[in-house]
Amino acid sequence: MDSDIEMDMESDNDGEYDDDYDYYNTGEDCDVERLDPKRADPEYFEYECLTVEDIEKLLNERVEKLNTILQITPSLAKVLLLEHQWNNVAVVEKYRQDANALLVTARIKPPSVAVTDTASTSAAAASAQLLRLGSSGYKTTASATPQYRSQMCPVCASSQLGDKFYSLACGHSFCKDCWTIYFETQIFQGISTQIGCMAQMCNVRVPEDLVLTLVTRPVMRDKYQQFAFKDYVKSHPELRFCPGPNCQIIVQSSEISAKRAICKACHTGFCFRCGMDYHAPTDCQVIKKWLTKCADDSETANYISAHTKDCPKCHICIEKNGGCNHMQCFNCKHDFCWMCLGDWKTHGSEYYECSRYKDNPNIANESVHVQAREALKKYLHYYERWENHSKSLKLEQQTIDRLRQRINSKVMNGSGTWIDWQYLFNAAALLAKCRYTLQYTYPYAYYMEAGSRKNLFEYQQAQLEAEIENLSWKIERAETTDLGDLENQMDIAEKRRTTLLKDFFPVDA
Amino acid sequence: MSSLPRRIIKETQRLMQEPVPGINAIPDENNARYFHVIVTGPNDSPFEGGVFKLELFLPEDYPMSAPKVRFITKIYHPNIDRLGRICLDVLKDKWSPALQIRTILLSIQALLSAPNPDDPLANDVAELWKVNEAEAIRNAREWTQKYAVED
Ligand SMILES: [Zn+2]
Ligand SMILES: [Zn+2]
Ligand SMILES: [Zn+2]
Ligand SMILES: [Zn+2]
Ligand SMILES: [Zn+2]
Ligand SMILES: [Zn+2]
């Protein structure tokens, strides 16, 4: 339902944006903006929703490419790619510079190569070494010790023939059964690509093919492959698991920024960079700080959760059952603001004062006690508004349900057709989108330093807030199929939203 | 109970035949996975002269998982808490199946010689060890005399 509107708004913007844009950013070339959607829409984000199979294919292509260039097994290629965020070019470059160092940092080889070879920095020597290891980073001891000679395993203390032993590039040799039990123990704990050699203080990593050669139980093999796949995806900077419950989709984008990705399968929207709920204009670190603070201070903020307030004029108890913060007392018809309880009539001009927190200019000279109280007051101001818009979003969802019933009865009574009333749903969807952004402007403002930039931000925030409440008011009371007025209001609200994002949403890709 | 793995038999034999100086580990007569351990306080440490009793148990999946070791004798040490639990990396994430009872007990002995208050288990002890080492060492000596010296 969202997408229709977005399309509409985008095409609308193309024509009308320029005046607004110039107002804030003189000296920018407007033609570029008209051509490039990345600059016209601050939330524009190109991404793909891929399945596990798609990703496996994508990763395997990288692995195969590296195999061909370096002549190594897929298993070792995976270790190298995992270590280098799947950047083939970086791996090949490092390999050509100093193959030995590459193998050591990727923990394929131990730091000092006393075991099979003298240290060598030439790529040829290192690849010769890999070939001696069967190009895979592990070997049975058969090559070093005659197969018929028996050897003692340090883990199970049993003597067995040489061909029952396996070792990695470090040369630490253990029997097949011990490796197998060890792998299963590690897999059981959720460890896969990070399984290390069994020897004490040895950090050489066990490549996938040795694990899969020795672990034969299908359950354990499956588990290993699942965990390894997770590690591969997490190490790839362009891939993110969809955070939706039980969703298997992986989102891919070459733009690693705090933009919103919406999963095509489960419709979960999230910030591509940090995986949390989308949080523009606030950036990832700040929203994390804010959410942690809210969780820590949840006790203090609890009293705010009131659903009822007294009418400032007749003092009758009023319950908030819609999202709009422009309240009208059912008893005395007084119009007031739910947030600050101020008169709505003067609110239009002074709305600025409602969203903004007025810092005490003398705070530095006050006692520690007063400063602490002031800090709490400031936090509660922002928290209250953050929380209120979050609640309004939920209440407006209920409004849409009521709207549906109302429209239904109107259509049944011959007042308009379903098509005539559709615009109201579009308006409600746009309202939700705008209010969502508004909610996330509060943590942004809370952490902002005082100054002219904060003044500009708060000015735009207040403008957005005013238009959103107007839109909410109009949607709740829409009685006709006349859309002119509402469409105009939608337009203004969305324009305020994009202007704010354009000026303050960090686009840092 | 399942038969004792060869590894445990071997380790036990070696512990009896070639004991580590200052360490004595004897399997319980009813349970070969349970060891009665005695570690003597290292020279030039505040634990010198003390005889510390420990218990050591080899879990079912040993050596894939680490032995469980605990001090029975009370000890004033920043990495050992009131219940005798020991904070030692080789007993936790640095455990490797190639490590043995012998190496673990040696590590514990080394921990008595070199307490590490930056990785504490007993917070109050570690705190004192950091701000007033002389007093902490005095306390450790006192405890050693009080709890770890047989009359
Ligand atoms: Zn090793
Ligand atoms: Zn073995
Ligand atoms: Zn999804
Ligand atoms: Zn984020
Ligand atoms: Zn009233
Ligand atoms: Zn207000």
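The rules behind each value
- Residues numbered from 1 in each chain as written.
- Chains lettered and ligands numbered in written order.
- Predicted model: local features only at pLDDT ≥ 70, side-chain atom pairs only at ≥ 80, totals over all residues.
- Heavy atoms only, no water.
- Domains from an automatic or database assignment.
- Donors = N, O, S within 2.8 Å, 3.2 Å for Na, K, Ca; no water.
- Tetrahedral: all angles 85-135°; square planar, octahedral: opposite > 155°, others 65-115°.
- Helix = DSSP H or I, 4+ residues; strand = E, 2+ residues; numbered from the N terminus.
- Buried < 20%, exposed > 50% of the residue type's maximum accessible area, 1.4 Å probe, protein only.
- UniProt positions renumbered as here; feature names shortened; annotations may be inferred.
- Contact = heavy atoms within 4.5 Å.
- Core = buried A, V, L, I, M, F, W, Y, C linked by side-chain atoms within 4.5 Å.
- Salt bridge = Lys/Arg side-chain N within 4 Å of Asp/Glu carboxyl O.

1. Observations concerning the domain arrangement of chain A
So, point 1. According to the domain assignment, chain A consists of domain 1 (65-106), domain 2 (150-237) and domain 3 (284-303 + 359-504).
So, point 2. Each of domain 2 of chain A and domain 3 of chain A has a C-alpha centre, and these two points are 54 Å apart.

2. Regarding the coordination of the zinc ion (ligand 1)
Residue and element names in this part refer to chain A.
So, point 1. Each protein donor to the zinc ion (ligand 1) is listed here as C170 (SG), H172 (ND1), C197 (SG) and C202 (SG); together their distances run 2.0 to 2.3 Å.
So, point 2. For the zinc ion (ligand 1), the 4 donor atoms in the first shell make angles of 98 to 119 degrees at the metal, so the coordination geometry reads as tetrahedral.
So, point 3. Linear spacing of the donor residues for the zinc ion (ligand 1) on their chain is C-x1-H-x24-C-x4-C. Highlighted residues: H172 in the loop between strand 5 (165-168) and strand 6 (173-175) and C197 in the loop between helix 8 (176-188) and helix 9 (208-214), separated in sequence by 25 residues.
So, point 4. Look at C197 and you get buried, because its relative accessible area is 5%.

3. Regarding the UniProt feature "active site" in chain B
Residues and elements named next belong to chain B.
So, point 1. With numbering aligned to this structure, UniProt lists the feature "active site" at C87.
So, point 2. Assignment of secondary structure puts C87 in the loop between strand 4 (68-71) and helix 2 (101-113).
So, point 3. If we ignore the near neighbours within four places in the chain, the residues touching C87 are N79, K92, L111, D119 and L121.

4. A word on the nonpolar core
Residues and elements named next belong to chain A.
So, point 1. Membership of the largest hydrophobic core comes to 58 residues, with the highest contact counts inside it found for L80, W179 and F183.
So, point 2. Looking at this core, the elements that each hand over two or more residues are helix 4 (52-70), helix 5 (74-83), helix 6 (88-105), strand 5, strand 6, helix 8, helix 9 and helix 10 (218-235).
So, point 3. When residues no more than four places from it in sequence are discounted, the contact partners of L80 are L66, L70, I72, V91, L102, A106 and I108.
So, point 4. Ranked by size, the runner-up nonpolar core spans 49 residues in total, among them Y357, A428, L438 and L471.

5. Observations concerning the UniProt feature "binding site: Zn(2+) 5" in chain A
Residues and elements named next belong to chain A.
So, point 1. Feature annotation in UniProt places "binding site: Zn(2+) 5" on C311, C314, C329 and C332, given in this structure's numbering. A maximum C-alpha distance of 8.8 Å among these annotated residues, which run over 22 residues, shows that they cluster at one spot.
So, point 2. The residue C311 is located in the loop between strand 11 (308-310) and strand 12 (317-319) in this model.
So, point 3. When its relative accessible area of 0% is taken as the criterion, C311 is described as buried.
So, point 4. Its place among the elements puts C332 in the loop between strand 13 (326-328) and strand 14 (335-337).
So, point 5. C332 sits in the partly exposed class, given a relative accessible area of 30%.
So, point 6. Filtering out sequence-adjacent residues up to four positions away, C332 remains in contact with C311, K313 and C314.

6. Things to note about the pattern of salt bridges
Residues and elements named next belong to chain A.
So, point 1. Tallying each qualifying case throughout the model produces 22 salt bridges over all chains.
So, point 2. Residue R404 is joined to D401 by a salt bridge in which the shortest nitrogen-to-oxygen separation is 3.7 Å. Of this pair, R404 and D401 are both found in helix 14 (residues 368-412), 3 residues apart, which corresponds to roughly one turn of the helix.
So, point 3. When its relative accessible area of 43% is taken as the criterion, R404 is described as partly exposed.
So, point 4. The partly exposed category is assigned to D401, whose relative accessible area is 37%.
So, point 5. Through salt bridges with shared partners, a single ionic network connects E43, R260, K433, E494 and R497.

7. What to know about the UniProt feature "domain: UBC core" in chain B
So, point 1. UniProt annotation of "domain: UBC core" refers to residues 3-149 of chain B when read in the numbering used here.
So, point 2. Helix makes up 33% of residues 3-149 of chain B and strand 16%, whereas the separation of the span's terminal C-alpha atoms amounts to 38 Å.

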